[in-house]
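Residue-level listing of the chains:
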Amino acid sequence: MNNSANIKQFKLIKFINENCSDDHVISKISIVLRRDKIEAPYFMNTKIRLSSCIDRQDNGIIHAMDILNHHRMYNLTEDKYNEIKTLIIDAFENNAQIGKVKIVEKDQQLKIVLMSKNDDEMMDLFKNYGELFDMIDNLID
């Protein structure tokens, strides 16, 4: 079977954000770099979840609906792994916005979790970390 569905995930979530009429699209982006697997020594996981929230208490509606739940796994070369890791450290070490970015580095893993609660916060993520998102998207032809 030939599967040529190479979704550029960060371009997709930006497109959804720009074209969704709901004001409350919540995003959670997780990027994990790993060096602890024997079969794939340089490895990256990306997980993206977008949810739409509606809060109209006067109408009796409070709910969240998943719009997108996307998970991709990458086997990287050592050079690309180091390039992405350096970009992550440079981008997040001094620029992490409190409450929106969480960075954990331990046991040969580097994990970054980015969250946004509305359109403006989502666009701020793309403005601040667009170079990283483009680099990851460009791993896919």
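Scroll up to find the structure.
The rules we used
- Residues numbered from 1 in each chain as written.
- Predicted model: local features only at pLDDT ≥ 70, side-chain atom pairs only at ≥ 80, totals over all residues.
- Heavy atoms only, no water.
- Helix = DSSP H or I, 4+ residues; strand = E, 2+ residues; numbered from the N terminus.
- Buried < 20%, exposed > 50% of the residue type's maximum accessible area, 1.4 Å probe, protein only.
- Contact = heavy atoms within 4.5 Å.
- Areas by Shrake-Rupley, 256 points an atom, 1.4 Å probe, with all protein chains shown as cover.
- Polar contact = N/O pair within 3.5 Å; in protein donor to acceptor, adjacent residues only side chain to side chain.
- Pairing = 2+ DSSP bridges.
- Salt bridge = Lys/Arg side-chain N within 4 Å of Asp/Glu carboxyl O.

### Comments concerning the overall build of the protein
Broken down by element type, the protein carries three helices and five strands. Looking at the protein as a whole, 38% of its 141 residues qualify as buried. Taking contacts inside the protein between residues at least 6 apart in sequence as the whole, the part at least 24 apart equals 64%. Just so you have it, the protein exposes about 8900 Å², and 46% of that area is on carbon and sulfur atoms.

### Describing the side chain of Glu121
In this structure, Glu121 sits in helix H3 (residues 119–137). Reaching out from Glu121, the side chain makes a polar contact with the backbone nitrogen of Lys117 at a distance of 2.6 Å.

### Some details on the pairing of strand S1 (residues 25–34)
Where burial is concerned, most of S1 is hidden: seven out of the ten residues are buried. In the sheet, S1 pairs with strand S5 (residues 109–116) via eight bridges, with the strands oriented antiparallel. Counted as the bridge partner of Val32 is Lys111 from S5.

### Let's talk about the pattern of salt bridges
By the definition in use, this model includes three salt bridges. We note a salt bridge from Glu83 to Lys80, for which the minimum N-O separation is 3.2 Å. Of the two residues, Glu83 and Lys80 both sit in helix H2 (residues 78–93), three residues apart, roughly one turn of that helix. Under the relative-accessibility criterion, Lys80 is labelled partly exposed at 26%. Its salt-bridge partner being Asp124, residue Lys127 comes within 3.7 Å of it at the nearest N-O pair. On the criterion of helical spacing, the pair formed by Lys127 and Asp124 is a turn pair, its members being three residues apart in helix H3. The class for Lys127 is exposed, based on a relative accessible area of 64%.

Purely geometric stuff here, so don't read any function into it on its own.
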